[in-house]
Amino acid sequence: SMATKGSTATKASAASAAISVEGLENPRDVLDFARWCRSEADRFEANLMLAAVTWAEQHPPESIDTAATWSSPAGDTGLLLAGPGAPLVCEFSIAEFALAIGRSTDSGRAYLATAIELKYRLPRTWGRVLRGDLPAWRARRIAEAFAEQR
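(A) Broad picture of the overall build of the chain. Check the secondary structure of the chain and you find six helices and two strands. Taken from N to C terminus, the helices and strands of the chain fall in the order α-α-β-β-α-α-α-α. Here the chain holds 150 residues, and the buried ones make up 35% of them. Of all intrachain contacts in the chain linking residues separated by at least 6 positions in sequence, the fraction that spans at least 24 positions is 56%. Surface accessibility of the chain: about 9000 Å² in total, with carbon and sulfur atoms responsible for 56%.

Spelled out as structure tokens, the structure:
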């Protein structure tokens, strides 16, 4: 069946194919496939958060002179998106990252802030996300609650 546990080739073709119920002949196959999809989505979300932090780290305020990002005659200002100990981020880089992940600038800023908060202020939680022990959505909720206490 299409969703047989352990079949990497089958899973890869299922992931690249259009959404279809063909090959999901019984409820167990459907549940196995759903579990696999959830696991893959969690892994991709952790990777996206890692990309967000890496982008922020690559774009400190002083990077505006050399980066291929938006510029302004007034220059760029650094935004502190997370609490003490977190890096400042080049303001103009936020919209570029948000666009790349299909979010508005405000939503992208919030996403970057949460990822930065996790890595720099909640490192144990961040480690759990990277190891796959904690779903990224749950870690974001933890980081948001932590930030609200500041």
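(B) Expanded view of the packing of helix 4 (residues 105-121) against helix 5 (residues 123-131). It is at 5 Å that the axes of helix 4 and helix 5 come closest, and there the two elements cross at 110°. In terms of axis orientation, helix 4 runs roughly perpendicular to helix 5. Every residue of helix 5 that contacts helix 4 at Ala-115, Leu-118, Lys-119 and Arg-121 is listed here: Pro-123, Thr-125 and Trp-126.

Each value, and the rule that gives it
- Residues numbered from 1 in each chain as written.
- Predicted model: local features only at pLDDT ≥ 70, side-chain atom pairs only at ≥ 80, totals over all residues.
- Heavy atoms only, no water.
- Helix = DSSP H or I, 4+ residues; strand = E, 2+ residues; numbered from the N terminus.
- Buried < 20%, exposed > 50% of the residue type's maximum accessible area, 1.4 Å probe, protein only.
- Contact = heavy atoms within 4.5 Å.
- Areas by Shrake-Rupley, 256 points an atom, 1.4 Å probe, with all protein chains shown as cover.
- Axes fitted to C-alpha atoms, helices over the stretch in contact; angles between N-to-C directions.
- Parallel < 35°, antiparallel > 145°, perpendicular 65-115°, else oblique.

Function cannot be inferred from these measures alone, as they are strictly geometric.
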